[in-house]
Amino acid sequence: RVPLNTIELQMRSSRFLKISSDQTMHAAESLYQQGILSYPRTETDYFKEGFDIHGILNEFRNHNNWGDYVVNLLDNNKFLWPRNGGHDDQAHPPIHPTKSVNLDNITDQTERKVYELVTRHFLACCSYDAKGNETSISICIPNRVVARDGEFFHTTGLMITERNWLDIYTYEKWYAN
């Protein structure tokens, strides 16, 4: 997970929210005009040194949906500086929330969904990776009639040991392949 640029916001909004690119940008621009989101037209996908991420996170300490998660990030040494996506348009930072707003206070349904996606993505970018252990088992049960033939079975299992970003980014799940 790297911070959101315009293309990534549109793709994730389409994939997870089933909202078109045009609708996404209309909602994001409206949220920007309200001072709730950063400028939504950017190719930048990393936060430059000196960007006040902690200041934004502190805004969410008392948020009714994400406050507990943010407190855990900041107070329990769970914060991780977001990864560098490598693109910088030299004009704007990645798309991120600029204000903590109760979801019930955003009356437009599309705007609410886009704000929630951007905020959850931002918080996930500030989180450690999930950790887990995968087990694979393969077995061949021989056929007693023909020695070279048999039944092959293969299965895998995943035990997630630390959920981290998965706790906030509810759009994605981690499954064994």
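Note that the coordinates shown come from a computational prediction; the quantities given were computed from them, not determined experimentally.

Moving on, we get to helix α1 (residues 6-17). A rise of 1.5 Å per residue sets the reference length of α1, with its twelve residues, at 16 Å; its end C-alpha atoms lie 15 Å apart and thus fit the reference within 8%. Along α1, the residues classified as buried are Thr-6, Leu-9, Gln-10, Arg-12, Ser-13, Phe-16 and Leu-17. Just downstream of α1, Lys-18 is the residue with a positive phi angle, here 60°.

This part takes up the pattern of salt bridges. What the rule picks out here adds up to nine salt bridges. In this structure, Arg-1 and Asp-129 form a salt bridge, with 3.3 Å as the shortest nitrogen-oxygen distance. Of this pair, Arg-1 sits in the segment before α1 while Asp-129 sits in the loop between α5 (109-125) and β1 (131-142), placing them 128 residues apart in sequence. With a relative accessible area of 19%, Arg-1 lands in the buried category. Put simply, Arg-163 and Asp-167 hold a salt bridge, and the shortest N to O gap is 2.7 Å. For Arg-163, a relative accessible area of 40% puts it in the partly exposed group. The exposure class of Asp-167 is partly exposed, given its relative accessible area of 43%.

Within the secondary structure, Leu-57 is located in helix α3 (residues 53-59). In the structure, Leu-57 is positioned 43 residues away from Ser-14 in sequence and 26 Å away in space, judged by C-alpha atoms.

Moving on to the nonpolar core. Core analysis: the largest hydrophobic core is formed by 39 residues, its most contacted members being Leu-57, Tyr-115, Phe-122, Leu-123 and Tyr-169. Elements supplying a minimum of two residues to this core: α1, α2 (21-33), α3, α4 (67-75) and α5. Considering every element that reaches this core, the biggest residue donor is α5, with seven residues. Sequence-distant contacts of Phe-122, that is, excluding residues within four places in its chain, are made with Phe-47, Ile-53, Ile-56, Leu-57, His-96 and Pro-97.

Along an α-helix, residues three or four apart share an orientation, since each turn contains 3.6 residues. Under the 1.5 Å per step criterion, the end-to-end length of α5 is 24 Å for 17 residues, consistent within 8% with the ideal 24 Å. Among the 17 residues in α5, 13 count as buried, and that is most of the element. The distance from a side-chain oxygen at the start of α5 to the backbone nitrogen of Thr-110 is 3.1 Å, and the residue carrying that oxygen is Asp-108.

With a phi close to 60°, Lys-18 is a non-glycine residue in the positive phi region. Secondary-structure assignment places Lys-18 in the loop between α1 and α2. A relative accessible area of 67% means that Lys-18 is categorised as exposed. Located in the positive-phi region is Asn-164, a residue other than glycine, with phi close to 45°. If you trace the backbone, Asn-164 turns up in the segment after β2 (150-162).

Packed helix pairs are specified by the crossing angle of their axes together with the interaxial distance, meaning the distance between the axes. Contact geometry for α2 and α5: axes closest at 9 Å, N-to-C directions at 80°. As far as their axial angle goes, α5 and α2 are roughly perpendicular. The segment α2 lies against α5, with Gln-23, Thr-24, Ala-27, Ala-28, Ser-30 and Leu-31 engaging Thr-110, Glu-111, Val-114 and Tyr-115.

Criteria and cut-off values
Residues numbered from 1 in each chain as written. Predicted model: local features only at pLDDT ≥ 70, side-chain atom pairs only at ≥ 80, totals over all residues. Heavy atoms only, no water. Helix = DSSP H or I, 4+ residues; strand = E, 2+ residues; numbered from the N terminus. Expected span 1.5 Å × (residues − 1). Buried < 20%, exposed > 50% of the residue type's maximum accessible area, 1.4 Å probe, protein only. Salt bridge = Lys/Arg side-chain N within 4 Å of Asp/Glu carboxyl O. Core = buried A, V, L, I, M, F, W, Y, C linked by side-chain atoms within 4.5 Å. Contact = heavy atoms within 4.5 Å. Polar contact = N/O pair within 3.5 Å; in protein donor to acceptor, adjacent residues only side chain to side chain. Axes fitted to C-alpha atoms, helices over the stretch in contact; angles between N-to-C directions. Parallel < 35°, antiparallel > 145°, perpendicular 65-115°, else oblique.

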